[in-house]
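What the coordinates show
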Amino acid sequence: MVICAVAYVEFDNKIGPKIVRQHPDQYIPHHMFEALSEYLICPPQLAGRMVSLSAFGKHIMGLPQVIEDGKYSRNQLLFNLAFVVHGGPDVKREHLAQHGISLDLKEEEEESHDEELEGGTGGGMGEGGGGCGESEVEALRDCRAQTVQYEGVVKKLSSILRTMEVDNEYLTREETRAPFLDSVLPEIMHRLNNGGVYVTHVGEGNLIALTIPTLLPPKRKAKLHNVPVITHRLTKSMKDEVDLTTQGILHHIDGVNFNKKIAMLSKLEDEAVVLKAVDGLVERGWVDIVDIFQFRNVYRVTAPCMDFVRDSKALLECARYACAPNADQTEITSSVLLFLSSLDGKRNVSDVMRRLGERGKQVDARRLITFCILNGFVYRTHQYPVWRGRRDGDIVLSEMVEVGERLDNVLPTCDGTRTLDEICVELGMVADMVESYLTRCGVLMLRK
């Protein structure tokens, strides 16, 4: 999506809300503005809240501002700088005449977006006006997912304009407002659409610096049995950017510890805090998530691995990272190739190491698997326990009695959606023992 218009809107004490400037000119026609004006110039109690609305095939974003001061008529100035982004869903378009606009209000305190959409915050969408159906709510969520990168720009620009008005009356003095809006609005739109960066000095001491962040592909959410792996060299200044809890967690991220263990090492009782911190590091691109490495794990190479093994430079980089201590450097590359060629989705890592013998000892299996997982060269075949609702026999081994008492509560959750790793971490038990017990109970182990 791109910005297709920028509009500065103000409340005029004689005629009400009006568009003072917009670029391109006349992009928002009068009838469209009439339907949307009450959401662009909101009541004072909604000031400082992110307003996103979809209508007329457009998605409009703004942050209404109210400055209270006796020097203004009615003792306040109401304004908004709105971005119009192409491609918003037409939600309840037939109700626009009654102002049944699809509306999403987002507080600075980050209220739940789902509650905003489903709670009917839009005016005129109650009885008779028609609310958002499930498909329309999904359309709004999809639209917001594609426009969320503009929210920070809208908030920052709105805050800068407020400061410029409070300090120098930049928006209410015609000799400064007209030149500013005429030059800045077109430039903001052009620069942000072509490069995502806009920087300029306005007057004395006013700097406007805007950047549209690049949206990373969605990452899977961290779970307690996942292992976070640092993928970038983190400097002290980078670590200082995050909160103290995250800084403490970083000390325990070594590519081996899983999230539940990190929570224990960090002495954090609330494991959700650790998961949230790891998710934050993933979003920053500092950390990625892999599975717990065990020699019982089964892996298979992917199609991109074929290109990887033909790239001598990439292969050498991998070999240097994954070589075992005291490995023969003349054989490490061929040892890596032998290891990868043995990952057929049937043998586990332990079987592969035994098959390779002395050549297998040249490779640090955990580091090699981690490198290949992060680069998409191999994938793991997981075990998903499925309980059929009955036991095939009693467990008679005395050493299994205590284990059985703990696992009996887990049997109903073995529905094929949870991996064996997840169950083992939840119970704090080793996989071999858990798998042995579940198998004796008639639980099927699906691999996928």
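In case you missed it, the structure is sitting above this.
Conventions we followed
Residues numbered from 1 in each chain as written. Predicted model: local features only at pLDDT ≥ 70, side-chain atom pairs only at ≥ 80, totals over all residues. Heavy atoms only, no water. Pairing = 2+ DSSP bridges. Helix = DSSP H or I, 4+ residues; strand = E, 2+ residues; numbered from the N terminus. Axes fitted to C-alpha atoms, helices over the stretch in contact; angles between N-to-C directions. Contact = heavy atoms within 4.5 Å. Phe/Tyr/Trp six-rings, centres within 6.5 Å; stacked < 30°, edge-to-face > 60°. Buried < 20%, exposed > 50% of the residue type's maximum accessible area, 1.4 Å probe, protein only. Lys NZ or Arg CZ within 6 Å of the ring centre and 35° of its normal. Salt bridge = Lys/Arg side-chain N within 4 Å of Asp/Glu carboxyl O. Core = buried A, V, L, I, M, F, W, Y, C linked by side-chain atoms within 4.5 Å.

Section: the sheet that holds strand E14 (residues 378–381)
Taken in spatial order, the three strands make up an open sheet running E13-E12-E14, and their pairing is antiparallel. Where the open sheet ends on each side, the last strands, each with one partner, are strand E13 (344–348) and E14. Strand-to-strand twist in this sheet, taken as the mean axis angle between neighbours without regard to direction, amounts to 35°. Both strand E12 (residues 298–301) and E14 contribute to a ladder of four bridges, which runs antiparallel. Bridge assignment links arginine 300 to a residue of E14, and that residue is tyrosine 379. Against the sheet, helix H14 (residues 365–374) contacts E12 and E14, and its axis sits at roughly 105° relative to E14.

Some remarks on the packing of aromatic side chains
Scanning all chains against the criterion turns up six aromatic pairs. Relative to phenylalanine 371, the ring of tyrosine 321 has its centre 5.9 Å away and its plane inclined at 40°; by these criteria the two rings are tilted. Linking tyrosine 321 in helix H11 (residues 312–322) with phenylalanine 371 in helix H14, this pair joins segments that are 50 residues apart in sequence. For tyrosine 321, a relative accessible area of 32% gives the class partly exposed. Phenylalanine 371 sits in the buried class, given a relative accessible area of 13%. An aromatic cluster of at least three residues, connected via ring pairs, comprises Phe308, Tyr321, Phe371 and Phe377. The ring of tryptophan 286 has arginine 284 sitting right over it, with the charged end atom 5.0 Å from the ring centre. Between the NZ or CZ atom of arginine 367 and the centre of the ring of tyrosine 321, over which it lies, the distance is 3.9 Å.

Looking at the pattern of salt bridges
Per the stated rule, a full pass over the model turns up 20 salt bridges. A salt bridge links arginine 173 to glutamate 175; the shortest N-O distance between them is 3.3 Å. Note on arginine 173: relative accessible area 27%, which makes it partly exposed. A salt bridge links lysine 361 to glutamate 358, with the shortest nitrogen-to-oxygen separation between them at 3.2 Å. Linked by salt bridges that have partners in common, Glu10, Glu174 and Arg177 make up one network.

Details of the nonpolar core
In terms of nonpolar packing, the biggest core is built from 35 residues, with Leu81, Phe83, Phe180, Leu192 and Ile208 touching the most fellow members. Looking at this core, the elements that each hand over two or more residues are strand E1 (3–12), strand E6 (76–86), helix H4 (151–168), helix H5 (174–193), strand E8 (197–202) and strand E9 (206–211). Dropping the residues within four chain positions of it, leucine 81 is found in contact with Val6, Ala7, Tyr8, Met61, Gly62, Val154, Leu157, Leu161 and Leu185. Listed in part, the 26 residues of the second largest apolar core include Ala319, Ala327, Phe339 and Cys372.

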